[in-house]
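Structure at a glance
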Amino acid sequence: MLLTWLYVAHETGFDAFRPGAERTYRVLRQLTTPYKMDFQIEAHAALTPEMIGSIAEIESANRIRPGHRWVRYRQFAQRRAFWYTDPNYLAFWGIRLKRGDLHKALNQPGGVVISQEALAEFFPTGEDPMGKVLEGQWGDYIVTGIIEEQPRNTHFNPHFVTATLPAGVRDAWSNWELRTSFRWVQTFVRLRKDADPERTEQKLRALAVPEENPENTTSHRLQSLLRTRLYGREDFPEGISGPGTGIGAGDLKAVRSLASIGMLVLFVACINFVNLSTARAALRAKEVGMRKVVGAGQRQLAFQFLLESVLLTVLALPLSLILTGMTGPYWQHIVGQTDTLAAFLEPHMAVVLVAATVLVGLFSGVYPAFLLSRVSPIAALHSQTATGSGGSSLRRVFMIFQFAVSVFLVYVALVAFVQLDYVLKKDLGFNEENILALRIFDVDGSLRNTYNEVKQRFLEHPDVLAATASASLPGEGWTSRKEMVLDPSGAFFEIRQYAIDEDQFDMIGVNLVAGRNFSADIKSDFESATILNETAVEKLGIENPVGKPFKLLDNEGWIIGVVEDFHMRRLTERLHANAFVMRPRSFRVVNLRLAAGNISETMQGLEEIWKAYIPVRPFMYAFLDDRLEVNYGKYLRFQRIFSVGFGVSFLIASIGLLGLAAHTCERRRKEIGIRKVFGASIGKIAILLGAEFTKLVLIANLIAWPFAYVLMQDWLQDFAYRANMGPFPFLFTALGSVFATLMVVGFQCFRASNANPIEALRHE
């Protein structure tokens, strides 16, 4: 529960500590075209002075152009988060400097402030960074400040920040031109305390924005800073898109799932306490009877039992903190979050933790306290019975709930596992084995002009079987351009354009079904040739497409071939209509197919070739297999979260079941002895005693299945391709839960039925 709490508090508290966070909004660009409406995280940069001058409700604004750019100090170079912004960045976000003048650091020409991470990386020897010159991607910068350590749950923690803008960015700050004014720029405004956000947004939407295409219209919307992390999809169902860092990339489903699992597991633990307390109430019957005989009242006894419950919970708190600290690193790996137990040292968190601990103790102990305190002293002293059929019935209800939670979690985890296994192993339509992407053209764009020479140099390595240049990895679709076009019926559909070279299809094993491939010897292929996939030809309704004229985006020419369908993007999307062009200016990576063998030696050799071209930049690469798995990172996290939740809840439920089974066997000890005397086998006794528990577990399955099924049907909506599971999840959870129950109950039954019946009957 503490681990869950850490994660949920971390995600829901993003940037809530910023000054005036509740009055701070991101400006979204609402682009309306004839075929759709789109919300984008980039707003026109030139809009900011217009807003401040015409909307009185706006107190201040800050523009950011986020991104990762190369920074070099002496011989060390890395590509790090390097943001361009307005000079008021530090004051607007309440960021303090460990060194440097808060009001002058970003106003100084060429001034840049650096984070603690950048300080440790670029100045590892303890050298004083103040006044040092850093070589940036678009100019040199002087270190004028060092930012204090930032909280982990913030979007605003880049390695470098400067208000000295290169020419291209500076033009965007004041230019309304569509292709330069809005691209990559995120705008935030802070409203005055008495401002009405809805009225402010109405004024903002009334501002006229020039559009290059007269069919398109642009207006702007406000998105609360406190909702950017998790609630973008809920607030804007059409979706929020755009390049750049994408401030607000949280996973609301993961947060809600974890919060729900944490509460369910805690509730299961509380029920366990109630079940075991009431089941063993008979052992305290005489104590209750004697205390009542000597004058103790029901209220006094109830308070005693409640106090015992609270003390047990409080005593368990240090142990839970120790276990949280021990398991924290593994949990952080699962959920991708880095908060530690230090969060509980904050005063408000510590108070909430203690209060929650006491409440859990009260909740767990209230029913056992009520049940024990109302025991009749005569009945207790005569028969040692503290609970009747009512208590037994309630224990059954609680046990059903416990196992319903476990069945629900195992169903969810199982369906997620099967689906993710399916998409990770599904044939993408090409050979993805042993493909390595080197981002060499992304690092040094001048090498694009000699891409064939670079390919040939890597092909000289004996472990490189094939090489191609492209804009992105196949199966990932990192970089593509897209356009909405009309099909023969007049409906719009999206077609994506990818830049590849002449060797791409051969390397990944994709065949042409018509026409020819690109050729580096045909000059016109670089400017006017297009190859379509089968889906594009079908949607466009073109018969005999080879040789037909074709225009897409800025490419006007001819169709020279048709390639068979293969997946350029992850399987959460259907096969797109794709167009392939040979555009070296768009190349970012060299894709290499490696021979199976000693990968470490191969990588060393490839790095040497890289260094021959780019000696001052680190070796940047990615294996296609790894990248495909990263594509499904949030889905894998969802599956792992529910797997952990199932494991914990099932462990707690099993402990409770073990205790209840032991109590049942103890209560029926004489019956077991008599049955053994009359010749009953251990197996028959185990079946007899396990039948009741098995029935309860089956009822738990019937209760859990509808909820789990509905949840997973919603989750599976994210996938365009789904595994055919049939009744497998239902059968697995039913048989698995019954088998686990029989194992736990059978263990106790075996112990009870193995006992000497004379011991059970000696007092009769």
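About the criteria used
Residues numbered from 1 in each chain as written. Predicted model: local features only at pLDDT ≥ 70, side-chain atom pairs only at ≥ 80, totals over all residues. Heavy atoms only, no water. Pairing = 2+ DSSP bridges. Helix = DSSP H or I, 4+ residues; strand = E, 2+ residues; numbered from the N terminus. Axes fitted to C-alpha atoms, helices over the stretch in contact; angles between N-to-C directions. Polar contact = N/O pair within 3.5 Å; in protein donor to acceptor, adjacent residues only side chain to side chain. Contact = heavy atoms within 4.5 Å. Buried < 20%, exposed > 50% of the residue type's maximum accessible area, 1.4 Å probe, protein only. Salt bridge = Lys/Arg side-chain N within 4 Å of Asp/Glu carboxyl O. Core = buried A, V, L, I, M, F, W, Y, C linked by side-chain atoms within 4.5 Å. 1 Å grid on protein atoms, 1.4 Å probe; cavity = no way out; pocket = protein on both sides within 12 Å on 5 of 7 lines; lining within 4 Å. Points joined across faces, edges and corners; volume = space filled by probe spheres on them. Nonpolar A, V, L, I, M, F, W, Y, C, P; charged D, E, K, R; others polar. Patch = residues over 30% accessible without salt bridge, like charges linked within 9 Å, V, L, I, M, F, W, Y side chains within 5 Å. Areas by Shrake-Rupley, 256 points an atom, 1.4 Å probe, with all protein chains shown as cover. Left-handed = near helix turned anticlockwise from the far one by under 90°. Lys, Arg positive; Asp, Glu negative; His and termini not counted. Arc of directions from axis to C-beta. Phe/Tyr/Trp six-rings, centres within 6.5 Å; stacked < 30°, edge-to-face > 60°. Lys NZ or Arg CZ within 6 Å of the ring centre and 35° of its normal.

Section: the sheet that holds strand S15 (residues 464–470)
The strand order across the open sheet built from four strands is S15-S23-S14-S24, with neighbouring strands paired in antiparallel fashion. Edge positions in the sheet fall to S15 and strand S24 (621–623), since each of these pairs with one other strand and no more. Each strand axis lies, on average, 20 degrees off the axis of its neighbour in the sheet, ignoring direction. In the sheet, strand S14 (residues 435–438) pairs with S24 via three bridges, with the strands oriented antiparallel. When the bridges of S24 are listed, Leu-436 appears paired with Phe-623.

Notes on the side chain of Arg-18
Summarising the element assignment, Arg-18 is placed in the loop between helix H1 (2–12) and strand S1 (24–32). Within the local environment of Arg-18, its side chain forms a polar contact with the backbone oxygen of Trp-93, the two atoms lying 2.9 Å apart. Not counting residues within four places of it along the chain, the set of residues in contact with Arg-18 comprises Trp-93, Gly-94, Ile-95, Gln-150, Thr-154 and Phe-156.

Notes on the environment of Ala-413
Its place among the elements puts Ala-413 in helix H14 (residues 389–425). For Ala-413, a relative accessible area of 7% translates into the label buried. Along the backbone, Ala-413 and Ile-641 are 228 residues apart, and their C-alpha atoms lie at a distance of 8.2 Å.

Observations regarding the pattern of salt bridges
For the coordinates displayed, the defined rule picks out 21 salt bridges. Here Arg-229 and Glu-11 are joined by a salt bridge, their closest N and O atoms 3.0 Å apart. Of this pair, Arg-229 sits in the loop between strand S12 (217–224) and helix H8 (232–235) while Glu-11 sits in helix H1, and the two are 218 residues apart along the sequence. A relative accessible area of 5% means that Glu-11 is categorised as buried. For Asp-503, the salt bridge identified is with Lys-455, shortest N-O distance 2.6 Å. Separated by 48 residues along the polypeptide, Asp-503 in the loop between strand S17 (492–499) and helix H17 (504–508) and Lys-455 in helix H16 (residues 451–459) bring together distant segments of the chain. Take Lys-455: its relative accessible area is 0%, and that puts it in the buried class.

A few points about the nonpolar core
If you look at the biggest cluster of nonpolar residues, it comprises 108 residues, and the most contacted ones within it are Ile-440, Phe-441, Phe-458, Phe-580, Leu-592, Leu-606 and Trp-715. Counting residues per element, this core draws most heavily on H14, which supplies 15 residues. Those residues in contact with Phe-441, other than ones at most four positions away along the chain, are Leu-447, Arg-448, Tyr-451, Val-454, Ala-469, Phe-587, Arg-588, Val-589 and Val-590. Judged by nonpolar contacts, the second largest core, of 20 residues, contains Phe-123, Leu-134, Tyr-141 and Phe-160.

Quick notes on empty space enclosed by the protein
Taken as a whole, this structure holds three cavities of 30 Å³ or more when the rule is applied. Space inside the second largest cavity adds up to approximately 50 Å³. Residue lining of the second largest cavity: Tyr-498, Phe-566, His-567, Met-568, Arg-569, Arg-570, Glu-573, Arg-574, Leu-575, His-576 and Asn-578, and that is the complete set. Counted by class, the lining of the second largest cavity contains four nonpolar, three polar and four charged residues.

Some thoughts on the environment of Ala-595
As for its position among the elements, Ala-595 is in the loop between strand S23 (589–594) and helix H19 (599–613). Taking the C-alpha atoms as reference, Ala-595 lies 9.5 Å from Ala-466; in sequence the two are 129 residues apart. Each residue touching Ala-595, except ones within four places of it in the same chain, is listed here: Asp-463 and Leu-465.

Considerations on the pairing of strand S9 (residues 139–147)
Of the pairings in the sheet, the one linking strand S6 (residues 97–99) to S9 comprises two bridges and is antiparallel in character. Bridging across to S9, Arg-99 finds its partner in Ile-146. For strand S8 (residues 133–136) and S9, the ladder comprises four bridges, and the chain directions are antiparallel. Bridged to Gly-136 within S9 is Gly-139.

Section: a nonpolar patch on the surface
Taken together, the side chains of Leu-319, Ile-322, Leu-323 and Met-326 define a hydrophobic patch exposed on the protein surface, amounting to about 410 Å² of accessible area. By the secondary structure assignment, Leu-323 is in helix H11 (residues 298–335).

Points about the packing of H16 against H19
Axis separation between H16 and H19 bottoms out at 10 Å; the angle between their running directions is 150 degrees. Read as a crossing pair, H16 and H19 show a hand that is right-handed. Between H16 and H19, the residues in contact are Glu-453, Val-454, Arg-457 and Phe-458 and Leu-606, Ile-609, Trp-610 and Tyr-613, respectively.

Thoughts on the side chain of Arg-65
Position of Arg-65 relative to the elements: it lies in strand S3 (residues 58–65). Buried charge without a salt bridge: Arg-65, with Glu-42 as the nearest opposite-charge side chain at an N-O distance of 9.4 Å. Other than its neighbours up to four places away in sequence, Arg-65 contacts Phe-82, Trp-83, Tyr-84, Trp-138, Val-169, Trp-173 and Trp-184.

Topic: the environment of Phe-505
For Phe-505, the location among the structural elements is in helix H17. Spatially, the C-alpha atom of Phe-505 lies 8.3 Å from that of Asn-517, the residues being twelve residues apart in sequence. Ignoring sequence-local partners within four residues, the contact set of Phe-505 consists of Ile-500, Val-510, Leu-512, Asn-517, Ile-531, Val-563, Phe-566 and Phe-580.

Some words on the pairing of strand S20 (residues 549–552)
The side chains of a regular strand alternate, residue by residue, between the two faces of the sheet. Alternating residues of S20 divide into Phe-550 and Leu-552, all buried, and Pro-549 and Lys-551, none buried. Here S20 runs beside strand S21 (residues 555–563); their pairing, made up of four bridges, is antiparallel. By the bridge assignment for S21, Phe-550 is matched with Gly-557. Taking the residues that link successive antiparallel strands as the turn, the S20-S21 hairpin has two residues, and the phi of Leu-553 there is positive, at about 55 degrees.

Some words on helix H7 (residues 197–206)
Every buried residue belonging to H7 is among Thr-200, Glu-201 and Leu-204, and all of these are buried. End-on view of H7: buried residues confined to an arc of 100 degrees, all on one side of the axis. Across H7 from its buried face, at more than 90 degrees, point the exposed residues Glu-198, Gln-202 and Ala-206. You can read the cap of H7 off the contacts: a side-chain oxygen lies 3.2 Å from the backbone nitrogen of Glu-198, and it is on Asp-196.

Looking at H16
For H16, the full list of buried residues reads Tyr-451, Val-454, Lys-455 and Phe-458. Buried positions in H16, seen along its axis, are confined to an arc of 100 degrees and lie on one side of it. Against S14, helix H15 (440–443), S15, S23 and H19 lie the buried residues of H16.

Quick word on the packing of aromatic side chains
Within the structure shown, the criterion is met by 29 aromatic pairs. Between Trp-705 and Phe-730, the aromatic rings sit 5.3 Å apart at their centres with planes inclined by 85 degrees, giving edge-to-face as the arrangement. Residue Trp-705 is located in helix H23 (residues 682–715), and its partner Phe-730 is located in helix H24 (residues 728–754); the two are separated by 25 residues in the primary sequence. Relative accessible area serves as the criterion here: at 23%, Phe-730 is assigned to the partly exposed category. Following the ring pairs from residue to residue traces out a cluster consisting of Phe-76, Phe-82, Tyr-84, Phe-122, Trp-138, Tyr-141 and Phe-160. The ring centre of Tyr-721 lies 4.6 Å from the NZ or CZ of Arg-574, which sits over that ring.

No statement about biological role is implied by the geometric values presented.
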